[in-house]
Amino acid sequence: MARPCVVPAGVGGLAPHLLAMLGHASGVMVGQRRVDAKSNEIPELRALLAPYDLREVVVTVDALHTQTGTAVWLRDQGAHYLMMVKRNQPGLLKALKTL
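A brief report on the enclosed structure follows. (Residues numbered from 1 in each chain as written. Predicted model: local features only at pLDDT ≥ 70, side-chain atom pairs only at ≥ 80, totals over all residues. Heavy atoms only, no water.)

Moving on, we come to the overall build of the chain. Counting secondary structure elements, the chain contains 3 helices and 4 strands. For the chain, the N- to C-terminal ordering of α and β elements is β-β-α-β-α-β-α. Split into buried and exposed, the 99 residues of the chain put 22% on the buried side. For the chain, the proportion of contacts with a sequence separation of at least 24, taken over those separated by at least 6, is 22%. Summed over all atoms, the accessible surface of the chain reaches about 7,500 Å², with 59% contributed by carbon and sulfur. (Helix = DSSP H or I, 4+ residues; strand = E, 2+ residues; numbered from the N terminus. Buried < 20%, exposed > 50% of the residue type's maximum accessible area, 1.4 Å probe, protein only. Contact = heavy atoms within 4.5 Å. Areas by Shrake-Rupley, 256 points an atom, 1.4 Å probe, with all protein chains shown as cover.)

Looking now at the environment of asparagine 40. By secondary structure assignment, the location of asparagine 40 is in the loop between β2 (29-34) and α1 (41-49). Asparagine 40 gets classed as partly exposed once you look at its relative accessible area, which sits at 35%. In the structure, asparagine 40 is positioned 21 residues away from leucine 19 in sequence and 9.5 Å away in space, judged by C-alpha atoms. A distance of 2.8 Å separates a polar side-chain atom of asparagine 40 from the backbone nitrogen of isoleucine 42. (Polar contact = N/O pair within 3.5 Å; in protein donor to acceptor, adjacent residues only side chain to side chain.)

Inspection of the entire model under this criterion finds 3 salt bridges. In this structure, glutamate 44 and arginine 33 form a salt bridge, with 2.7 Å as the shortest nitrogen-oxygen distance. Taken together, the residues span a long stretch of sequence, with glutamate 44 in helix α1 and arginine 33 in strand β2 at a distance of 11 residues. Classification of glutamate 44 by relative accessible area gives buried; the value is 13%. Among the residues examined, arginine 33 registers a relative accessible area of 33% and is labelled partly exposed. One salt bridge connects aspartate 76 with arginine 75, and the closest N-O pair in it is separated by 3.1 Å. Taken as a pair, aspartate 76 and arginine 75 share a single burial class, namely exposed. (Salt bridge = Lys/Arg side-chain N within 4 Å of Asp/Glu carboxyl O.)

On to the nonpolar core, then. Ranked by internal contacts, the top residues of the largest apolar core, which has 14 residues, are Leu49, Leu54, Val59 and Leu74. Secondary structure elements with two or more residues in this core: β1 (18-22), α1, β3 (58-61) and α2 (68-76). (Core = buried A, V, L, I, M, F, W, Y, C linked by side-chain atoms within 4.5 Å.)

Treat this as a map of the structure, not an account of what it does.
Next comes the structure, spelled out in structure tokens:
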């Protein structure tokens, strides 16, 4: 039987918005950061990953994080990356569809 995930309420009774990092092989959460209510996940990704040695690590992100700045930062850290591409990057999506 599946058990529900219970998240403690944050400010105003709402569940906190968390950005999590999972290990590819284990599926175990190895880190998380709370996302401020007045922000979004994009600036928190670097803060979440910064303490780790990312050389030769493969980082996968969803379409929200498919940003040029994120790709450049990951490359500068020595990481490899796999990014989802959707309509939030129309030029890149169009280019990929022509491959």
